[in-house]
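Chain and residue survey
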Amino acid sequence: KTFRCRLPIVSAPMAGVSGGLLAAEVSSAGALGFIAAGHFDDVNKLEEEIALFESIMKSATSSSATSESNEGLLDDSNLCIGFIGHSSLSSPEGWAKYDRLLQTHKPKAVQFFAPSIVKRQSNSSFSNVELAHQHGVKFIAQVGSVLEAKEAIHHNVDAIFCQGS
């Protein structure tokens with residue numbers, strides 16, 4: 001219910017694989033489809049994938065008869081983007097790009113891992129979760145330990161994905 005998707009399925013944001021086409025197909029099926037931002041080093045490529053996602057979703061919305069099961073679910077507001085935390089927000093420029101992306105595209109959700117919670121400065125409490133929430137974006141933390149899960153809960157994330165090994 002939190003993410004307004006019909007199916008409790010998420011396509012993982014895997015760099016080099018999870019682009020606009022896959023995310024749109026998964027979203028059109030009623031689940032959460034993620035576009036991988038990866039290390040967030042190629043903003044132009046990410047923008048192309050977002051544009052592809054939005055184009056496909058607009059086309060799917062206009063060409064499909066609205067059914068009760070998909071009502072309000074097929075639109076470009078289903079945009080979800082995944083990031084690798086340690087590299088995406090390792091500099092002030094990374095934080096500025098993240099802020100701009102949230103402001104410009106208003107994704108439904110963002111997902112971070114390695115680590116999931118990133119603070120703007122080491123001595124600051126301001127985090128990537130807080131910035132997402134300031135823009136009305138849901139935040140999903142991918143964690144690999146109980147300690148990381150506790151930190152994510154402390155930062156009021158909207159969902160936690162657990163990764164095993």
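So, here is what we can say about the structure in this document. The structure displayed is predicted, hence computed values, not measured ones.

This brings us to the environment of Thr2. Its location among the elements puts Thr2 in the segment before strand E1 (10–11). Remark: the alpha-carbon pair of Thr2 and Ala159, spanning 157 residues in sequence, is separated by 9.0 Å.

On to the side chain of His155, then. Here His155 is to be found in the loop between helix H6 (146–154) and strand E6 (159–162). Taking relative accessible area as the criterion, His155 reaches 14% and is therefore assigned buried. In contact with His155, not counting residues within four places along its chain, are Ile117, Lys119, Ser125, Ser127 and Val129.

Whenever strands of a sheet pair, they do so through backbone hydrogen bonds, lying parallel or antiparallel. If you trace the 6 strands from one edge of the open sheet to the other, you get E1-E2-E3-E4-E5-E6, paired in parallel fashion. With partners counted over all chains shown, the strands left at the sheet margins are E1 and E6, one partner each. Two strands pair when backbone bridges link them, and strand E3 (residues 80–84) and strand E4 (residues 109–113) are joined in this way by 5 bridges, in the parallel orientation. Within E4, the residue paired with Gly82 across the bridge is Gln111.

So, about the nonpolar core. Of all hydrophobic cores here, the largest spans 33 residues; its most connected members are Leu46, Ile81, Phe83, Tyr98, Val110 and Phe139. Sorting elements by how many residues they give to this core places helix H2 (residues 43–63) first, with 5 residues. What Tyr98 contacts, discounting residues up to four positions off in sequence, is Phe40, Phe83, Leu89, Val110, Phe112, Asn128, Leu131, Ala132 and Phe139. Counting 7 residues, the second-largest nonpolar core is a separate cluster that includes Phe3, Leu32, Cys80 and Ile140.

Turning our attention to helix H4 (residues 92–105). Under the 1.5 Å per step criterion, the end-to-end length of H4 is 20 Å for 14 residues, consistent within 8% with the ideal 20 Å. Inspection of H4 places Gly94, Trp95, Tyr98, Leu101, Leu102 and His105 among the buried residues, and these make up the whole buried set. Projected down its long axis, H4 carries its buried residues within an arc of 130 degrees, all on one side. The exposed residues of H4 that point more than 90 degrees off its buried face are Pro92, Glu93 and Thr104. Backbone geometry just downstream of H4 places Lys106 in the positive-phi region, at approximately 45 degrees.

The subject of this paragraph is the packing of aromatic side chains. The tally for this structure, following the rule as stated, stands at 7 aromatic pairs. For the ring pair Tyr98 and Phe112, a centre distance of 5.3 Å and an interplane angle of 85 degrees mean the geometry is edge-to-face. With Tyr98 in helix H4 and Phe112 in strand E4, the pair connects residues that are 14 residues apart, well separated along the chain. You can call Tyr98 buried: its relative accessible area is 0%. Three or more aromatic residues link up through ring pairs in this structure, and these residues are Phe40, Phe83, Trp95, Tyr98, Phe112, Phe126 and Phe139. One residue, Lys97, lies across the ring of Phe40, its end atom 4.9 Å from the ring centre.

So, on to the pairing of E4. Judged by how many residues are buried, E4 sits mostly within the fold: 4 of 5 residues are covered. Sheet topology note: the E4/strand E5 (residues 138–143) ladder contains 4 bridges and is parallel. The residue bridging Gln111 from the neighbouring strand is Ile140, located in E5. Crossover E4 to E5 through helix H5 (residues 128–134) is right-handed.

What follows deals with helix H1 (residues 20–28). For H1, the complete set of buried residues consists of Gly20, Ala23, Ala24, Val26 and Ser27. Down the axis of H1, the buried side of the element spans an arc of 165 degrees, and every buried residue falls inside it. Gly30, located one to two residues past H1, shows a positive phi value of around 105 degrees.

What counts as what
- Residues numbered from 1 in each chain as written.
- Predicted model: local features only at pLDDT ≥ 70, side-chain atom pairs only at ≥ 80, totals over all residues.
- Heavy atoms only, no water.
- Helix = DSSP H or I, 4+ residues; strand = E, 2+ residues; numbered from the N terminus.
- Buried < 20%, exposed > 50% of the residue type's maximum accessible area, 1.4 Å probe, protein only.
- Contact = heavy atoms within 4.5 Å.
- Pairing = 2+ DSSP bridges.
- Core = buried A, V, L, I, M, F, W, Y, C linked by side-chain atoms within 4.5 Å.
- Expected span 1.5 Å × (residues − 1).
- Arc of directions from axis to C-beta.
- Phe/Tyr/Trp six-rings, centres within 6.5 Å; stacked < 30°, edge-to-face > 60°.
- Lys NZ or Arg CZ within 6 Å of the ring centre and 35° of its normal.
- Right-handed = clockwise from strand over helix to strand, strands pointing away.

Any link to function would need more than the numbers given here.
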